[in-house]
Amino acid sequence: MGSTFSERIERVCTAFGRQPAFIEPSGGVVTFQDFFDAILRFAERMSQAGVQPGHHVVVDHREPVAFAALKFAIMRLGAYPIAVTPETMLQNGPIRVDWSIVSSDGKLTDHPNSLVFDATWAGPAETYTPITPGGGIIHATSGTTGLPKLRRDTEEVFMARINNGLVARGELNGPVLVAHNYGTLIGIKSVATALLQMQMQMPMLWSVEQTLTTLVDCKVTHAFVPPIHLKRLAEFAADADIQTPLLERINVGGGALSASFAQDCERIFGAEVFTDYGSTETDTIACARARNTEATPGLVGRIWPGFDFKFVTEDGALSPTETGGELFMKPPRNLQTQNYPGDEALADQDGWVSTGDIGHLQKSGELVLVGRKSDLINTGGNKVSPMVVEQAILKMGMVSEVAVFRLPTETGIDAVGVAVSGGAEFDVEALERCLKSGFNALYEYRVFLRDRLPYGETGKVKRDALTAEYSAG
């Protein structure tokens, strides 16, 4: 039996043939054979254009099923889909891009090797494209503002990470909702997991209502959802009294949930809600039922067997597990990723990788996280750079002083707090509207007017002080 990812995809798709594999945003059905035919056609088209093994290919396409097929076709050619935007790839820097694939209705680029994805890509392949070993995937660690860090996984590591999730969470026993962005690692891993488990899957559709009604009609039993979409789905389902009797389990990745919000979701959907904890450097390493975290905010469950860990103090000394500190992990070798560009190992010479998270173990052995080493704000699974938002606000000319900080909310999904120094007549709501229109309307922005901002002795704004002040009401 073939063990590579591309071999597994081909075997499953041909074996399950005309059974439905995807529900498209338009409502159409794509069978396993349809999906594999698309992979072959896309691989043929790219190969004819000159895409070769080892090349790095940017894909900018909005339709999720075709987007996934394009990524898998690139891997089949022994090449690497790379998760950067067309704008990023044209910046001067070390990122190598050999090809750019853009939609006919998308934003064209000045890249010398641009392929326009249009109607000519449809239809069956004229020849069979064999699998070329050596492919993989280059993905972003986080970030919707600023330049994300990139990591490179070989096809073998990608397959091992899919298996790691299946061993830890168990097999899928029915249709799946994949609400994550297919352009992210967690999204494309979820897509691949459902495919290899021979289950039909659906993405988020054009509206929350359409997503929920299709979820019910398709008898979805399992959902992979980021916190921000779970909030939208739960609010609509509660208001519209939509019942999901067959939904059994919701796995939330990319951010935390409060116990009270998880309890609300379990009542609304009739399904157990679990939060997955991990990173692109380590893969998923723990999972916990979110409603059980009420007495211990930040609890993410037991670290799975096979993952060594330790806690380190600020001065680099080893810390007792119950005291805690910065969490370092030593993931199994087959799950270890590499930095990109450069391909240097992310671990030190002994195999340890910093997670950037601060935490400790309870006496029960469960991991509790209390914060991040960096200032990035994790809002519903997306990372927001405070500095990027601050600079944008200053450019608006509305204020002369601003500080952006993490603001916990009652749902457990952090909002973006914005403290400004302005006069009594300053229009707070106008700034909130500008932020929603200028960045991402899914994020929650809360603006606070102050006489002055809190500065430390070094002249830097004390973001932690703002978080503590406004979290306390």
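Residues numbered from 1 in each chain as written. Predicted model: local features only at pLDDT ≥ 70, side-chain atom pairs only at ≥ 80, totals over all residues. Heavy atoms only, no water.

Re the overall build of the protein chain
Each helix and strand counted, the protein chain has 12 helices and 26 strands in total. Here the protein chain has a C-alpha radius of gyration of 23 Å; the compact-globule value for 473 residues is 23 Å, and the two agree. Dimensions along the principal axes, computed over C-alpha positions, put the protein chain at roughly 70 × 55 × 50 Å. Within the protein chain, buried positions represent 52% of all 473 residues. Across the protein chain, the fraction of contacts at a sequence separation of at least 24, relative to all contacts at a separation of at least 6, is 64%. As presented, the protein chain carries roughly 21300 Å² of accessible surface, and 50% of it is formed by carbon and sulfur atoms. Side chains of the protein chain carry 41 positive and 56 negative charges; the gap between the two charge centres is 3 Å. (Helix = DSSP H or I, 4+ residues; strand = E, 2+ residues; numbered from the N terminus. Rg over C-alpha atoms; globule rule 2.2 N^0.38 Å. Buried < 20%, exposed > 50% of the residue type's maximum accessible area, 1.4 Å probe, protein only. Contact = heavy atoms within 4.5 Å. Areas by Shrake-Rupley, 256 points an atom, 1.4 Å probe, with all protein chains shown as cover. Lys, Arg positive; Asp, Glu negative; His and termini not counted. Charge placed at Lys NZ, Arg CZ, Asp CG, Glu CD.)

Considerations on the environment of serine 354
Position of serine 354 relative to the elements: it lies in strand 20 (residues 353-361). Along the primary structure serine 354 and lysine 310 are separated by 44 residues, whereas in three dimensions their C-alpha atoms are 9.7 Å apart. Sequence-distant contacts of serine 354, defined by excluding residues within four places in its chain, comprise Glu326, Leu327 and Phe328. A polar contact is formed between the side chain of serine 354 and the side chain of glutamate 326, at a distance of 2.3 Å. (Polar contact = N/O pair within 3.5 Å; in protein donor to acceptor, adjacent residues only side chain to side chain.)

Focus on the packing of aromatic side chains
Here the structure, examined in full by the defined rule, presents 13 aromatic pairs. Judged by centre distance (5.0 Å) and plane angle (70°), the rings of phenylalanine 5 and phenylalanine 72 are edge-to-face. Separated by 67 residues along the polypeptide, phenylalanine 5 in helix 1 (residues 5-16) and phenylalanine 72 in helix 3 (residues 64-76) bring together distant segments of the chain. Summarising the burial analysis for this pair, phenylalanine 5 and phenylalanine 72 share the class buried. Between the aromatic rings of phenylalanine 35 and phenylalanine 72, the centroid separation amounts to 6.0 Å while the plane-to-plane angle is 85°, which identifies the pairing as edge-to-face. With phenylalanine 35 in helix 2 (residues 32-49) and phenylalanine 72 in helix 3, the pair connects residues that are 37 residues apart, well separated along the chain. The pair formed by phenylalanine 35 and phenylalanine 72 is uniform in burial state, with each residue classed as buried. The structure contains a cluster of three or more aromatic residues connected by ring pairs, namely Phe5, Phe22, Phe35, Phe72 and Phe158. When the ring centre of phenylalanine 274 is taken as origin, the NZ or CZ atom of arginine 249, which lies over that ring, is 3.8 Å away. Above the face of the phenylalanine 328 ring, lysine 310 is positioned so that its terminal group lies 5.8 Å from the ring centre. (Phe/Tyr/Trp six-rings, centres within 6.5 Å; stacked < 30°, edge-to-face > 60°. Lys NZ or Arg CZ within 6 Å of the ring centre and 35° of its normal.)

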